[in-house]
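Chains, contacts and geometry: an overview
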Amino acid sequence: VYRPSQRANWAEGQPISELMARALANPDLISLAAGFVDQQTLPAEETGKALANLFDDADAAQAALQYGTTPGYPPLRELLLDRALAAEPESSKAPRTTLDQVVVTAGSNQLLHLVVESLLDPGDIVLCAAPTYLVFLGTLANVGARSVGVATDEQGLIPEALVETLRRLDAAGDLGRVKAIYLVPYFDNPCGVTMPVERVAQAVEIAKSWSTENRIHVIADEAYHELRYAGEDVPSAHTLDADGDTVVVAGTFSKSFSPGIRVGWGILPKDLVGPVCSQKGNFDFGSPNFSQHLMHRVMRDGLFDSHIEQIRAGYRLKLQAMLEALEEHLSSVDGVHWFAPRGGLYVWLHLPEEIDSGLHGRLFDLSMREGVLYVPGRYCFPLEGEPIHANTMRLSFGVQSCEKIREGIAALSRAIRAV
Ligand SMILES: Cc1ncc(COP(=O)(O)O)c(C=O)c1O
């Protein structure tokens, strides 16, 4: 008899798998659900060039085909460090980041997972924006941790709500269980918000001032940092950490270059490097070395920055197509609203309070019949804290063409109006 482990039970039942199964079962659906990047602009040519450059040199090729080291390929880590240091503003309060703090992982999800494993015991708490990246909620569920939602507005997590949540947990005797605050500061998944740097700085200060029983880390997931289509770049969260002991940054090439190569990284406070690398050592003793050598060539040979420019232009048009279609079809419907993100891959739609966009509701059913799929907002909310706002949905503009985006929004608007 198979008896699932405690962890298998905790990991069970992510609702998103049902959504994916429905999308696969009906290939004619216009999926505005999947958070994939645009397949048409994936860098086949650039990757081919980098690979040819790598394989021109037999020694380099064979080194890439060998196992690597647990924290990752040093020349790639050096380029990542240089990039992080070059983007630091003069106002940076942080101690200078060093190479040992840069750890390469198989996508940033693995980094998040290793950090969670290093910080949390079952029953420990992470405060998350409500809504937040739903896979991270699954990562927390995996280890039996509690996710507690904090209210957000169009600038992300609200600092006053964060303090209020900490106060409430303290009053309940749970402050010692709060181990981290999770933020997606740039063009958040799911709602596209970008936190002003002052807000991120406030969150870091709040984490420090409430670290009375143990340190509360700030995990800044910067997955969409490079996907900016308007406005100026803002400094990364690690530059706001004056002691260099609080902020963990998670980065990735999945959105900016290729999720198939699946290379991510972390910039870690010094005392987290050992625990994360020990976890990783026991888990895989190093992420795929070939992918790391390849990404090193991509960066070194100047193929990365030019690619980012190119995809930004494409995504800007898709975002515009989605916003225009929403304006055309839904601006006159009472209680339906959204705001224009300045980057990322998502638009977050609010519906009238009484509509539940969930998988078993009428809107989802009608949308499927109209031929369009979305992510019901309810699955992006932590289970505790800020209540679930079921009258929301995440719309992705990354995958579909501008034409399909327009068709998809028109179909969705028919379903919304019918409900
Ligand atoms: C907010 C956020 N973080 C992390 C990831 C993980 O990306 P990867 O593991 O491919 O780096 C994603 C992917 O969708 C994401 O949306």
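Structure report, in brief. These numbers come from a predicted model, not from an experiment.

1. A few points about the overall build of the protein chain
Across its full length, the protein chain carries 14 helices and 14 strands. A compact globule built from 419 residues should have a C-alpha radius of gyration of about 22 Å, and the protein chain, at 21 Å, falls within 12% of that. Judged by the C-alpha coordinates and their principal axes, the protein chain covers about 60 × 60 × 55 Å. Burial analysis of the protein chain (419 residues in total) assigns 56% to the buried set. Contacts in the protein chain between residues far apart in sequence, at least 24 positions, make up 75% of those at least 6 positions apart. When the accessible area of the protein chain is evaluated, it comes to approximately 17,700 Å², of which 51% is carbon and sulfur surface. Of the charged side chains in the protein chain, 35 are positive and 53 negative; the average position of the first set lies 3 Å away from that of the second.

2. Some words on the nonpolar core
Core analysis: the largest hydrophobic core is formed by 56 residues, its most contacted members being Met-322, Leu-326, Leu-349 and Leu-395. Contributing elements (two or more residues each) for this core: helix H12 (303-330), strand S10 (346-350), helix H13 (362-370), strand S11 (372-373), strand S14 (392-396) and helix H14 (402-418). The greatest single-element share of this core, amounting to 9 residues, is contributed by H12. Contacts of Met-322, omitting those with residues within four sequence positions, involve Leu-32, Val-347, Leu-395, Ser-396, Phe-397, Ile-405 and Ile-409. In this structure, Ile-181, Leu-183, Val-263 and Trp-265 belong to the second largest nonpolar core, which totals 53 residues.

3. Section: the pattern of salt bridges
Counted under the stated rule, the structure contains 22 salt bridges. Between Glu-407 and Lys-404 there is a salt bridge, with its nearest N and O atoms 3.7 Å apart. Of this pair, Glu-407 and Lys-404 are both found in helix H14, 3 residues apart, which corresponds to roughly one turn of the helix. On the basis of relative accessible area, Lys-404 is assigned to the partly exposed category, the value being 35%. Linked by salt bridges that have partners in common, Lys-208, Arg-215, Asp-241, Asp-243, Asp-245 and Asp-271 make up one network.

4. Describing the site of the ligand
Taken together, Gly-107, Ser-108, Asn-109, Tyr-133, Asn-189, Asp-221, Ala-223, Tyr-224, Thr-252, Ser-254, Lys-255 and Arg-262 form the complete shell of residues around the ligand. Interatomic distance of 2.6 Å between a side-chain N/O atom of Tyr-224 and an oxygen atom of the ligand. One of the side-chain nitrogen or oxygen atoms of Lys-255 is found 2.7 Å away from an oxygen atom of the ligand. Compared with its free state, where it exposes 400 Å², the ligand has 93% of that area covered by protein. The leading source of residues in the shell around the ligand is helix H6 (residues 107-119), at 3 residues. Tallied by class, residues from the shell around the ligand come to 3 nonpolar, 6 polar and 3 charged.

Thresholds, definitions, all that
All residue numbers refer to positions counted from 1 along the written sequence of the respective chain. Restriction of local features to residues with pLDDT of at least 70 applies here, the model being predicted, together with a cutoff of 80 or more for giving and counting side-chain atom pairs; totals for whole chains, interfaces and linings are based on all residues. To get the side-chain values, all heavy atoms of the structure are used, and hydrogens and water are removed first. For helices the rule is a DSSP run of H or I covering at least 4 residues; for strands it is a run of E covering at least 2, with both sets numbered from the N terminus onward. The quantity called the radius of gyration is restricted to C-alpha atoms. Its globule counterpart is 2.2 Å times the number of residues to the power 0.38. Buried, partly exposed and exposed residues are distinguished by accessible area as a fraction of the type maximum, computed with a 1.4 Å probe on protein chains only: under 20%, between the cut-offs, and over 50%, respectively. Any two residues whose heavy atoms approach within 4.5 Å at even a single point are treated as in contact. The Shrake-Rupley method, run with a 1.4 Å probe sphere, supplies the accessible areas, and residue values consider only the shown protein chains as cover. Positive charges come from Lys and Arg, negative ones from Asp and Glu, while His and the chain ends are left out of the count. Here the site of a charge means atom NZ of a Lys, CZ of an Arg, CG of an Asp or CD of a Glu. For the purposes of this section, nonpolar cores are sets of buried Ala, Val, Leu, Ile, Met, Phe, Trp, Tyr and Cys residues that join through side-chain atoms within 4.5 Å. Definition used for salt bridges: Asp or Glu carboxyl oxygen within 4 Å of a side-chain nitrogen of Lys or Arg. Proximity is defined per residue: any heavy atom of the residue falling within 4 Å of a molecule or strand makes that residue near it. Each polar contact in these results corresponds to two N or O atoms within 3.5 Å; when the atoms are within protein, one needs to be able to donate a hydrogen and the other to accept it, and residues that are neighboring in sequence are counted only if both atoms are side-chain atoms. When residues are sorted by character, Ala, Val, Leu, Ile, Met, Phe, Trp, Tyr, Cys and Pro go into the nonpolar class, Asp, Glu, Lys and Arg into the charged class, and all the rest, Gly among them, into the polar class.

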